[in-house]
Amino acid sequence: MNKKVLIVEDEVAIADLEKDYLELSGFDVVIENAGDTGLKRALSEEFNIIVLDLMLPGMDGFEVCKQIREKKDVPIIMVSAKKEDIDKIRGLGLGADDYITKPFSPSELVARVKAHLSRYERLINSNQKTNDIIEIRGIKIDKTARRVYVDGEEKAFTTKEFDLLTFLAENPNHVYTKEELFREIWDMDSFGDIATVTVHIKKIREKIEIDTAKPQYIETIWGVGYRFKV
Ligand code: CA
């Protein structure tokens, strides 16, 4: 899908030129010729980037920028004919991402738009750290959030129950003895014995199995131990 650009510019010839160049680079472009209508558009539709002129009828670019920023974090490139205005914008800390002084070449604008979009995307992606999730049939274990869902429904697990289930699910089809599981999940110095493992397996089954007498996930291998079946 093409990226959407909003140009807020009252000089129609300039706006059209910017639009042509951006469209040639594969962007979808919308133009508003006044500050107030530009603001309305910016708040009511989703744009990937906004090119905002400073001197505008209706409402000036300072105010438009400020009001967009209060609601959205879309990148904004501010355009002005005067170098002093650019300094003023910077000083006000309105939250614009970049500034261009007129006259500028349309290709420079395109380059800046592209640079900001890729920077913005990198930022978004780096903020979206994905959780470490194990999914086996109807069971979803979110290791990052330490939550367990059975057929979409969250089930409450104690720390050790969670650790035990996660360990087994991460090593499917491997048979572990109770001693091995006890060593793995409980530290060696802790009180308790391998019967603890049996108790915890029972509790986990009550939460994840439809019929605990016929477990579909954690199988008992008689005389040996347990395994998570996939
Ligand atoms: Ca203007």
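Cut-offs used in this document
- Residues numbered from 1 in each chain as written.
- Predicted model: local features only at pLDDT ≥ 70, side-chain atom pairs only at ≥ 80, totals over all residues.
- Heavy atoms only, no water.
- Helix = DSSP H or I, 4+ residues; strand = E, 2+ residues; numbered from the N terminus.
- Rg over C-alpha atoms; globule rule 2.2 N^0.38 Å.
- Buried < 20%, exposed > 50% of the residue type's maximum accessible area, 1.4 Å probe, protein only.
- Contact = heavy atoms within 4.5 Å.
- Areas by Shrake-Rupley, 256 points an atom, 1.4 Å probe, with all protein chains shown as cover.
- Lys, Arg positive; Asp, Glu negative; His and termini not counted.
- Charge placed at Lys NZ, Arg CZ, Asp CG, Glu CD.
- Core = buried A, V, L, I, M, F, W, Y, C linked by side-chain atoms within 4.5 Å.
- Donors = N, O, S within 2.8 Å, 3.2 Å for Na, K, Ca; no water.

**Student:** An account of the overall build of the protein chain is needed here, citing residue identities and associated values.
**Tutor:** Within the protein chain, the regular secondary structure consists of 8 helices and 12 strands. On C-alpha atoms alone, the protein chain measures out to a radius of gyration of 29 Å, which is more than a quarter above the 17 Å that the 2.2 N^0.38 rule sets for 230 residues. Principal-axis analysis of the C-alpha atoms gives the protein chain an extent of 85 × 35 × 25 Å. A burial count over the protein chain gives 39% of its 230 residues as buried. Of all intrachain contacts in the protein chain linking residues separated by at least 6 positions in sequence, the fraction that spans at least 24 positions is 53%. When the accessible surface of the protein chain is totalled, it reaches about 12,900 Å², and 51% of it is carbon and sulfur. The average position of the 35 basic charges and that of the 43 acidic charges among the side chains of the protein chain differ by 4 Å.

**Student:** Pulling in residues and values, what's your account of the nonpolar core?
**Tutor:** Membership of the largest hydrophobic core comes to 26 residues, with the highest contact counts inside it found for Leu-164, Leu-165, Leu-168, Leu-181, Ile-208, Ile-218 and Phe-228. The element contributing the most residues to this core is helix α6 (residues 159-170), with 6 residues. Ignoring any residue separated from it by four or fewer positions in sequence, one finds Ile-208 in contact with Ile-139, Val-150, Phe-157, Leu-165, Tyr-217 and Ile-218.

**Student:** Describe the coordination of the calcium ion, naming the residues involved and giving the relevant values.
**Tutor:** At this site the calcium ion is bound by Asp-10 (OD), Asp-53 (OD) and Met-55 (O), with donor distances of 2.1 to 2.4 Å. The motif formed by the donor residues of the calcium ion, counted along the single chain, is D-x42-D-x1-M. Pair noted here: Asp-10 is in the loop between β1 (4-8) and α1 (12-24) and Met-55 is in the loop between β3 (49-53) and α3 (61-71), with a separation of 45 residues, a long-range link. Residue class for Asp-10 comes out partly exposed when judged on its relative accessible area of 29%.

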